[in-house]
Amino acid sequence: LRRGSARSPGEPAPPGFPTALVRGHAAVATPADPGPGRGGTSGRRRVLADWMASRGHPLTARVIVNRLWHHHFGRGLVRTTGDFGAAGTPPTHPELLDWLACELMDHGWSLKHVHRLILGSEAWRRSSRADPSMPAATKDPGNELWWRQGMRRLEAEAARDMVLFASGDLNLHAGGRGFFPTLAGEVLEGGSRPGTDWEVSPAAEQSRRAVYAFVRRTSPVPWMEALDYSNATVPLTERPVTTVAPQALL
């Protein structure tokens with residue numbers, strides 16, 4: 001549309017990838033015929049997904065393995081997990097980042113494979129002890145080269161499950177439908193359909209692992225929220241980590 005006006009149609013603009021994103025390579029064409037098994041759709045989203053998960057577009061694999069590294073070590077090889085562009089920070093170990101990305105792609109995009117690689121590595125199994133007399137403490141006080149393990153707080157889900165485990169109340173039943181955590185009456189009254197969209201789960205069900213808990217974006221569980229649970233109303237690349245008095249009192 002010329003100048004964006006619906007009354008001034010211009011030349012047809014077929015779907016394709018912006019040349020700025022493909023770095024001069026030929027834009028991937030959308031198939032005219034979606035082919036069998038596509039349900040009569042245009043096939044455009046499938047082409048986009050195949051391109052993003054192709055070996056010719058390794059940025060996707062780099063972002064994924066960087067987030068896995070951040071999950072296990074507290075910070076990523078690229079510190080800015082949500083920004084791999086010019087405004088982000090360069091990777092501390094670019095060769096390691098590329099190697100992990102290749103491992104992910106070579107093994108069918110298996111996240112478990114990368115998890116096993118990281119957890120079996122010497123870097124992961126190192127002690128968190130930081131003796132000032134150690135040469136590494138002098139040469140690399142910020143632990144940029146991962147010469148020791150960093151101390152990290154438990155996430156909200158793990159902290160909740162550990163409390164239940166220590167008390168002997170953790171229900172290890174796996175699979176099946178999730179459970180509804182208990183929310184205060186005044187919280188439920190503020191819902192879009194008060195009393196109809198939040199069930200009451202038995203105590204035994206509420207003692208299951210946190211991964212099975214239902215989450216309402218607008219009404220987080222206060223216990224979890226105090227321990228830095230994710231804000232479900234906005235997208236986050238990293239969870240904030242705080243140390244405040246209510247956590248210890250809780």
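For clarity, every value in this text was computed on a predicted model and none was experimentally measured.

Enquirer: Tell me about the overall build of the chain, residues and numbers included.
Expert: Helix and strand counts for the chain come out as 12 helices and 0 strands. In the chain, the succession of α and β elements from N to C terminus is α-α-α-α-α-α-α-α-α-α-α-α. Classification of the 250 residues of the chain by burial places 26% in the buried group. Within the chain, contacts between residues at least 6 apart in sequence are counted, and of these 57% link residues at least 24 apart. Total accessible area on the chain stands at roughly 16900 Å², and carbon and sulfur atoms take up 58% of it.

Enquirer: I'd like a description of the packing of helix 4 (residues 94-106) against helix 5 (residues 111-119), backed by residues and values.
Expert: Here helix 4 crosses helix 5 at 140°, and the two axes come no closer than 8 Å. Here helix 4 is positioned oblique relative to helix 5, judged by the angle of their axes. Read as a crossing pair, helix 4 and helix 5 show a hand that is right-handed. Residues Trp99, Leu100, Glu103 and Leu104 of helix 4 form the contact with helix 5, whose participating residues are Leu111, His113, Val114 and Leu117. Considering only residue class, the contact of helix 4 with helix 5 consists of 6 nonpolar, 1 polar and 1 charged.

Enquirer: Describe the confidence of the model for the chain, and please don't skip the residues or the numbers.
Expert: With 89% of its residues at a pLDDT of at least 70, the chain reaches an overall mean of 85. Confidence, read as mean pLDDT per element, is least for helix 1 (residues 19-22) in the chain (68) and greatest for helix 5 (97).

Enquirer: Give me the lowdown on helix 3 (residues 59-73), citing residues and values where you can.
Expert: Compared with an ideal rise of 1.5 Å per residue, which puts 15 residues at 21 Å, helix 3 spans 21 Å between its outermost C-alpha atoms and is within 8% of the ideal. Within the span of helix 3, buried status applies to Ala61, Val65, Asn66, Leu68, Trp69, His70, His72 and Phe73. Buried-residue contacts for helix 3 involve helix 4, helix 5 and helix 6 (122-125). Immediately downstream of helix 3, the backbone of Gly74 shows phi near 90°, a positive value.

Enquirer: Account for the nonpolar core, with residues named and values stated.
Expert: Residues Val65, Trp69, Phe73, Leu77, Val114 and Ile118 are the most contacted members of the largest nonpolar core, which totals 16 residues. When residues of this core are traced back to their parent elements, those giving at least two are helix 3, helix 4 and helix 5. Discounting residues that sit within four places of it in the chain, Val114 has contacts with Val65, Leu68 and Leu104. Of all hydrophobic cores here, the second largest spans 5 residues; its members include Ala156, Ala159, Ala210 and Met224.

Enquirer: I'd like a rundown of the packing of aromatic side chains, residues and numbers included.
Expert: Per the stated rule, a full pass over the model turns up 6 aromatic pairs. With a centroid separation of 5.6 Å and 75° between ring planes, the pair formed by Trp69 and Trp146 is classed as edge-to-face. Placement of the pair is Trp69 in helix 3 and Trp146 in the loop between helix 7 (135-139) and helix 8 (156-167), with a sequence separation of 77 residues. The pair formed by Trp69 and Trp146 is uniform in burial state, with each residue classed as buried. An aromatic cluster of at least three residues, connected via ring pairs, comprises Trp69, Phe73, Trp124 and Trp146. The ring of Trp147 is capped by Arg148, whose NZ or CZ atom sits 5.6 Å from the centre of that ring.

Rules of the game
- Residues numbered from 1 in each chain as written.
- Predicted model: local features only at pLDDT ≥ 70, side-chain atom pairs only at ≥ 80, totals over all residues.
- Heavy atoms only, no water.
- Helix = DSSP H or I, 4+ residues; strand = E, 2+ residues; numbered from the N terminus.
- Buried < 20%, exposed > 50% of the residue type's maximum accessible area, 1.4 Å probe, protein only.
- Contact = heavy atoms within 4.5 Å.
- Areas by Shrake-Rupley, 256 points an atom, 1.4 Å probe, with all protein chains shown as cover.
- Axes fitted to C-alpha atoms, helices over the stretch in contact; angles between N-to-C directions.
- Parallel < 35°, antiparallel > 145°, perpendicular 65-115°, else oblique.
- Left-handed = near helix turned anticlockwise from the far one by under 90°.
- Nonpolar A, V, L, I, M, F, W, Y, C, P; charged D, E, K, R; others polar.
- pLDDT = per-residue confidence, 0-100.
- Expected span 1.5 Å × (residues − 1).
- Core = buried A, V, L, I, M, F, W, Y, C linked by side-chain atoms within 4.5 Å.
- Phe/Tyr/Trp six-rings, centres within 6.5 Å; stacked < 30°, edge-to-face > 60°.
- Lys NZ or Arg CZ within 6 Å of the ring centre and 35° of its normal.

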